[in-house]
Amino acid sequence: MTSAISVSGLVKTFGPTRALDDLNLDVQTGEVHGFLGPNGAGKSTTIRILLGLLRADSGTARLLGGDPWKDTAALHRRLAYVPGDVNLWPNLTGGEVIDLLGRLRGGLNKARRAELLERFELDPRKKGRTYSKGNRQKVALVAALSSDVELLILDEPTSGLDPLMEAVFQDCINDERERGRTVLLSSHILAEVEALCDRVSIIRNGHIVETGTLADLRHLTRTSISAELAGPPNGLTSMAGVHDLVAEGNRVKFEVDSDKLDPVLKQLVSSGVRTLTSQPPTLEELFLRHYEDTK
Amino acid sequence: MIGTLHLVRLALRRSRILLPVWIFFLVFTTLSTTTALEEVYGTQQSRALLGATANANSAFLAMLGPLHDWSTLGGLVAWRWGVFAGLFIAIMALLVVTRHTRAEEEAGRTELVSAAVVGRHAHLAAAVIVAGGTSLLIGVLQALVLIGKDLPADGAWAFGLSTASVGLVFTGVSAFTAQLSENSRVSNALAGGFLGVIYLLRAAGDAAGESGPQWLTWFSPIGWTEQVRSFGDNRFWVLLIPLAVFVVLVGTSAYVVTRRDVGLGLLPTRLGPAHGKIGTPFGLAWRLQKGSLIGWSVALFVVGVIYGSVAQAVGQMVEDNPTLGQIVQQIGGADAMVDAFFATVTQLIGLISSIYLVQAVLRLRSEETSFRAEPLLATPVSRWGWVASHAVFALVGGAIVLAFAGLGLGLVHGLQIGDVGTALPKMLGAALVQLPAAWVVAGVALVLFGLFPQFTGVSWAVVSASLVITLLGPALQLDQWALDVSPFTHVPKYPDIVAGPLLWLSAVAVVLLAAGFAGFRRRDLTT
Ligand SMILES: Nc1ncnc2c1ncn2[C@@H]1O[C@H](COP(=O)(O)OP(=O)(O)OP(=O)(O)O)[C@@H](O)[C@H]1O
Ligand SMILES: [Mg+2]
């Protein structure tokens, strides 16, 4: 598999702020890659560098085999971008903007344009100023999704969409995946990431702290266990990988690192298990752990 | 009205640099104009001569109004500076009001603030208080400065309050235009257009002569300041008219505020086409800039028509006046007077056109800060192509705008002298020679955009400096080096057009433009 995006050692400073600090990112061709991180972590900055809108201080970035700063125009023919803050020209209608961006990219698929307008329930005849935030985002989405490009770069594209439209968006991205397109999706919506992304990268303070498939990441998390035992629990306290243990008589509650699950369960069984509930790790917990560490 | 005080404080904070600059500029120019006039026209004779020429010269009449009282220094100040002070304070007031009403609303900040405890009228009230208060403060300071120069107090107050009255009227005008459209640019354009109209109304009235429609002056807020006759009759009662207009406009605007939704205007927005025809950066720039190009072309054509129509009268008036006739013969006769008139007028037109050019260039910056450039530059559009698509409106658009001014001058003057064939090309040329100087100003704006994007606002300081230096420099007796700062100083004066300065001005403009382009190609997009 080849890389659609590969970034290594990227640094970008804005005056005293170090927005990106030795960032490495790898997006494989054909995958939907989630890009997550707390506010101000550097997601939009990374994306802007990939688009040649900002110039990196150091490090290398390759996009579709080219240099995003030097081969800008050639690369932009092969990608579409939905910004986080979509601002439209007040006097242009949504339809005019969609056609403009499409033509600038070298033409758009008319049938898909019509289909997307229908699916997103967007009226293309309204003037830019009169669209709501969500509808402005839909204009940018329709423009991007109806172009025949290899790579979609989406910066929080659904932050203004209602749940119904969020579902439409997810369908559309799944269609894109089937068409073999690569998607870089920055998002704060975990359900969306969980539903769409093949792999995710988590960025914090301008640095990627975790990257891999969701299964990989889950592996790094904890399972919560609560059990009623035949006798008093023994030996649990001292076991590696057990956290937040609460014991009341024969009942225990604790969390265990996913990779230590096996020995800990064996220990439980040795005390005789009457009831057992286990909760698989949620993504929320995973992300919250990464997000909170910034503080 | 709850929360008005908070908003006033917020507005003052946001404009803590802009307002002092305006106040200083207007008050200081009052002072320096007085000092300069005192030196040049110290004697009764020199003033008498000025009085005779000024009131006989339609160019002066149209540009500055009549010199009602040339026997005192105060009368000279009121004549030389009164109309311009009114123009400038009007621009200040309309920019300030729009900035704190419609522009805020457009940016969505009004919603944010309105959701807090703020009365329905608080935004309008705060903007009116800030703009109106600044106008009054400028008026009072002007009066004090004049009194400090030992001019009669009643005249000084009449003058200061007259200037303030124009500020008040335009506070009202732009409070009203801000209600009409959803777009602050349109609001400014409407108010600015109105300012142009009322300036020209009084120009036509003042230059009309005994038999002409002198009453036109009475339909102009700037005309009212002339009718006060500061340092002469000091007719304070005339100021009741602008006061009434101010009250009516603000009242109407306050009424409209209660009748419309936040974010929307009175002018309805309609549905547009579902499919677009625009497919190139230039196509988009044309769509965004054509309104302003057409508006400026029409406006400058009208300016040309008005000045063109009084040119002939300049010659006749002096011929009718035997004593003046002699003086005029010495400087080359009536034709020379007409030529001098055109030289002044085309220079003025060139200066005004530079506002258009700079505004066309700065569109780039507003597209960038509003995040509208970003999606465009994420398509195959090159940085170069995007900048060029707007810059062409400054470079070629500037030529078009000036050509329309020349067309207006040439057509009307040609019809009057019965020789359009000669007058038209001459006047077109006289207007177009201003272009290289205007390009230089636009070039400065593009350099700022390319290299110092946070400071593109300085472009307006450059425009203002060129205006002040060129229009008032000679009266202020500035040194030659200071006059040389304005590119318009170097434009050859009609009818002695030589190519040299035009070529090197163009070369300077090319260098500036290239630097701006190169700078932008290399820099980050910023907001
Ligand atoms: N033009 C700029 N000038 C100065 N600082 C900037 C600029 N752009 C971004 N930053 C800073 O860089 C850091 C990263 O910002 P960025 O916009 O990339 O974050 P983000 O991950 O997209 O956040 P969010 O989730 O809120 O969109 C922040 O600290 C931000 O304040
Ligand atoms: Mg962001």
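Here the structure is a predicted model, which is why all the values come from computation and not from measurement. (Residues numbered from 1 in each chain as written. Chains lettered and ligands numbered in written order. Predicted model: local features only at pLDDT ≥ 70, side-chain atom pairs only at ≥ 80, totals over all residues. Heavy atoms only, no water.)

Participant: Describe the domain arrangement of chain B, naming the residues involved and giving the relevant values.
Facilitator: Residue and element names in this part refer to chain B. Taken domain by domain, chain B consists of domain 1 (4-259) and domain 2 (281-522). Placing the centre of domain 1 and that of domain 2 at their C-alpha centroids yields a distance of 25 Å. Taken together, the contact pairs 24 residues of domain 1 with 22 residues of domain 2. Of the roughly 2,000 Å² buried between domain 1 and domain 2, counting both surfaces, carbon and sulfur atoms make up 76%. The largest share of the area that domain 1 buries against domain 2 comes from Met63, Arg185 and Leu200, three residues that together contribute 24% of it. Linking domain 1 with domain 2 are 0 salt bridges. At the level of elements, helix 2 (18-40), helix 3 (44-56), helix 4 (58-64), helix 5 (73-100) and helix 10 (184-207) are the ones that each hand at least two residues to the side of domain 1 that touches domain 2. Considering each element in turn, the side of domain 1 that touches domain 2 owes the most residues, 7 residues, to helix 2. (Domains from an automatic or database assignment. Contact = heavy atoms within 4.5 Å. Buried area = accessible area lost by both parts, 1.4 Å probe. Salt bridge = Lys/Arg side-chain N within 4 Å of Asp/Glu carboxyl O. Helix = DSSP H or I, 4+ residues; strand = E, 2+ residues; numbered from the N terminus.)

Participant: Give me the lowdown on helix 9 (residues 153-180) of chain B, citing residues and values where you can.
Facilitator: Helix length check: helix 9 of chain B (28 residues) gives 41 Å between terminal C-alpha atoms against 40 Å at 1.5 Å per residue, within 8%. With 23 of 28 residues buried, helix 9 of chain B lies mostly within the body of the structure. (Expected span 1.5 Å × (residues − 1). Buried < 20%, exposed > 50% of the residue type's maximum accessible area, 1.4 Å probe, protein only.)

Participant: Let's hear about a nonpolar patch on the surface: which residues, and what values?
Facilitator: A contiguous nonpolar surface patch, about 710 Å² in accessible area, is contributed by B:Trp215, B:Trp218, B:Phe219, B:Trp237, B:Leu240 and B:Leu243. Secondary-structure assignment places B:Leu240 in helix 12 (residues 240-259). (Patch = residues over 30% accessible without salt bridge, like charges linked within 9 Å, V, L, I, M, F, W, Y side chains within 5 Å. Areas by Shrake-Rupley, 256 points an atom, 1.4 Å probe, with all protein chains shown as cover.)

Participant: Run through the interface of chain A and chain B, naming residues and quoting values.
Facilitator: The partner chain B presents 37 residues to the 39 residues of chain A that form the contact. With both chains or domains summed, chain A and chain B bury close to 3,500 Å², and 57% of this area falls on carbon and sulfur atoms. In this assembly, chain A and chain B are joined by 3 salt bridges. In this structure, the salt-bridge partner of A:Arg48 is B:Glu374, at a minimum N-O distance of 2.9 Å. At the level of secondary structure, the elements contributing two or more residues to the side of chain A that touches chain B comprise helix 2 (72-76), strand 5 (79-82) and helix 3 (94-104) of chain A. Top contributing element to the side of chain A that touches chain B by residue count: helix 3 of chain A, with 7 residues.

Participant: An account of the site of ligand 1 is requested, with residue identities and associated values reported.
Facilitator: Residues and elements named next belong to chain A. In the vicinity of ligand 1 lie 13 residues, with Gly40, Gly42, Lys43, Ser44 and Thr45 positioned nearest. Separating an oxygen atom of ligand 1 from a backbone N or O atom of Gly42 is a distance of 2.9 Å. Between Glu156 and ligand 1, the recorded distance is 3.1 Å, taken from a side-chain N or O atom to an oxygen atom. In isolation ligand 1 exposes 630 Å². Once the protein is present, 65% of that is buried. Of all the secondary structure elements, the ones that give two or more residues to the shell around ligand 1 are strand 2 (17-28) and helix 1 (43-50). It is helix 1 that provides the largest number of residues to the shell around ligand 1, a total of 3 residues. (Near = heavy atom within 4 Å. Polar contact = N/O pair within 3.5 Å; in protein donor to acceptor, adjacent residues only side chain to side chain.)

Participant: Describe empty space enclosed by the protein, with residues and values.
Facilitator: Residues and elements named next belong to chain B. On inspection of all chains with the given rule, the structure shows 5 cavities of 30 Å³ or more. For the largest cavity, the calculated volume is near 200 Å³. Looking at the largest cavity, it is lined by 17 residues, and the ones nearest its centre are Ala78, Trp79, Thr225, Glu226 and Ser230. Of all the secondary structure elements, the ones that give two or more residues to the lining of the largest cavity are helix 5, helix 9 and helix 11 (221-228). A per-element tally of the lining of the largest cavity places helix 5 first, with 5 residues. Tallied by class, the residues present in the lining of the largest cavity amount to 7 nonpolar, 7 polar and 3 charged. Volume-wise, the second largest cavity comes out at about 110 Å³. Along its surface, the second largest cavity is lined by 10 residues, and Leu7, Ala11, His100, Glu104 and His123 are the ones closest to its centre. (1 Å grid on protein atoms, 1.4 Å probe; cavity = no way out; pocket = protein on both sides within 12 Å on 5 of 7 lines; lining within 4 Å. Points joined across faces, edges and corners; volume = space filled by probe spheres on them. Nonpolar A, V, L, I, M, F, W, Y, C, P; charged D, E, K, R; others polar.)

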